[in-house]
Amino acid sequence: MSCGAIPYYFCFPSISNSDKFPYPKLSPSSGINFAIRCSTSSPGLPVTTERLRSDTPLTGGAFDFERATTSLTKKVLDSPKKVTLVRHGLSSWNEENRVQGSSNLSVLSEKGAMQAERCKMALADMHFDQCFASPISRAKTTAEIIWQGKEEPLFFLDSLKEAHLYFLEGMKNEDAKRIYPKEYTTWREDPSNFCVDGVYPLEKLWGRAHVAWKEILLTPGEQFLVVTHKSILRALICTALGLGPERFRSVDINNGGLCVFKFNKEGEAMLHSLNMTAHMYTDHIYHY
């Protein structure tokens, strides 16, 4: 069995009681058409091809996301953007179960370096115009491994540094919980209300996330790679989606995990992928 291809505009049957059948009213002027083909004997003939506006092919993805979120730049961008976010590989303090924060004393471990190599291989077929990274050691080293051999620039942004956790940094979690039970429990269970000497670290973090997004999105280019830490990644994701610090623990990103955002020219975001980790366990190569 095979079916020929007949391109046509959307059309719907005329029904006397239209209230029972709320078909959308579309016409050729809408620029929407489908070319539908089917075949069980001709492998070269596609099963279904759909096109919407300007001959843009659809594969079940979102048609548009205008005004789905608030502009992060308040300025029109030079082009739509795609931003891939990467969490650094496993660090020495990850392995020792210590509170990390903004300290530069936690370095990329041997396993973390292997994870960074996996990220490099997984992204080998992707082109990025630039890479932005935190200057803190564990993220800096991860970025340098991923970016090795590329001619495009690698920039280190202070706005991508990890959250500052004051006296908790460097402490083993069990010790921090024992010595500073109130502060540690607040950080773990109610982080937006974690406060040290009148300073709320997550408020600071959210502010830096907004700064980071502007620095990244207002840079010429269309595809960017960002390598940084889990807390600032959570802030980047939440600010892009219009979520406040109270939603800090609503998302999680593993070491070496990848997240992808698309931005329209208004600077509005759509989350495309969250915490992709297939490359940590297989030789998966991304082609998104």
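All of these numbers come straight from a predicted model, not from anything done at the bench.

Caption draft 1: Examining the nonpolar core more closely. Judged by nonpolar contacts, the single largest core of 41 residues is most densely connected at Val-83, Leu-85, Leu-205, Trp-213, Leu-236, Phe-261 and Phe-263. Every element with two or more residues in this core is listed here: strand S5 (81-87), helix H5 (181-189), helix H6 (201-217), strand S8 (223-228), helix H7 (230-240) and strand S9 (258-263). By residue number, the principal contributor to this core is H6, which donates 8 residues. Dropping the residues within four chain positions of it, Leu-236 is found in contact with Leu-85, Leu-160, Ala-209, Ala-212, Trp-213 and Thr-228. In terms of nonpolar packing, the next biggest core, distinct from the first, is built from 18 residues, Cys-119, Ala-133, Ala-143 and Leu-258 among them.

Caption draft 2: Geometry of the side chain of His-229. In this structure, His-229 sits in the loop between S8 and H7. Side-chain polar atoms of His-229 contact the side chain of Ser-134, separated by 2.8 Å.

Caption draft 3: The sheet that holds S5, seen in detail. The strand order across the open sheet formed by 6 strands is S7-S6-S8-S5-S9-S10, and the pairing between neighbours is mixed. Taken across any chain shown, the strands that pair with only one partner, and hence form the sheet edges, are strand S7 (154-156) and strand S10 (269-276). Strand-to-strand, the axes of this sheet are offset by a mean angle of 20°, without reference to chain direction. Relative to S9, S5 is paired through 6 bridges, and the arrangement is antiparallel. Each bridged residue has a counterpart across the sheet, and for Thr-84 the counterpart in S9 is Val-260. Lying over the sheet, helix H3 (residues 137-147) contacts S5, strand S6 (130-133), S7 and S8, oriented at roughly 140° with respect to S8.

Caption draft 4: Region of interest: the side chain of Ser-109. Along the chain, Ser-109 turns up in the loop between helix H1 (92-95) and helix H2 (110-122). For Ser-109, the contacting residues outside a window of four places in its chain are Leu-90, Ser-91, Ser-92 and Glu-95.

Caption draft 5: Spatial organisation of the pattern of salt bridges. For the coordinates displayed, the defined rule picks out 8 salt bridges. Between Asp-252 and Lys-230 there is a salt bridge; the shortest N-O distance is 3.2 Å. Taken as a pair, Asp-252 in the loop between H7 and S9 and Lys-230 in helix H7 lie far apart in primary sequence, 22 residues in all. On the accessibility criterion, Asp-252 (36% relative accessible area) is partly exposed. When the shortest N-O distance is used, the salt bridge between Arg-234 and Asp-252 registers 3.4 Å. With Arg-234 in helix H7 and Asp-252 in the loop between H7 and S9, the pair connects residues that are 18 residues apart, well separated along the chain. Judged by relative accessible area, which is 7%, Arg-234 ranks as buried. Because the salt bridges share partners, they merge into one network encompassing Lys-230, Arg-234 and Asp-252.

Caption draft 6: Expanded view of the UniProt feature "binding site: substrate" (unreviewed entry) in the protein chain. As recorded in UniProt, the sites labelled "binding site: substrate" (unreviewed entry) are Arg-87, His-88, Gly-89, Leu-90, Ser-91, Ser-92, Trp-93, Asn-94 and Arg-138. Along the chain, the position of Arg-87 falls in strand S5. Discounting residues that sit within four places of it in the chain, Arg-87 has contacts with Asn-94, Thr-228, His-229, Lys-230, Leu-233, Ile-253, Asn-254, Asn-255, Gly-256 and Gly-257. The residue Trp-93 is located in helix H1 in this model. Of the residues examined, Trp-93 reaches a relative accessible area of 11% and is grouped as buried. Sequence-distant contacts of Trp-93, defined by excluding residues within four places in its chain, comprise Arg-98, Val-99, Gln-100, Ser-103, Leu-105, Ser-106, Glu-169 and Gly-170.

Cut-off values and rules
- Residues numbered from 1 in each chain as written.
- Predicted model: local features only at pLDDT ≥ 70, side-chain atom pairs only at ≥ 80, totals over all residues.
- Heavy atoms only, no water.
- Core = buried A, V, L, I, M, F, W, Y, C linked by side-chain atoms within 4.5 Å.
- Buried < 20%, exposed > 50% of the residue type's maximum accessible area, 1.4 Å probe, protein only.
- Helix = DSSP H or I, 4+ residues; strand = E, 2+ residues; numbered from the N terminus.
- Contact = heavy atoms within 4.5 Å.
- Polar contact = N/O pair within 3.5 Å; in protein donor to acceptor, adjacent residues only side chain to side chain.
- Pairing = 2+ DSSP bridges.
- Axes fitted to C-alpha atoms, helices over the stretch in contact; angles between N-to-C directions.
- Salt bridge = Lys/Arg side-chain N within 4 Å of Asp/Glu carboxyl O.
- UniProt positions renumbered as here; feature names shortened; annotations may be inferred.

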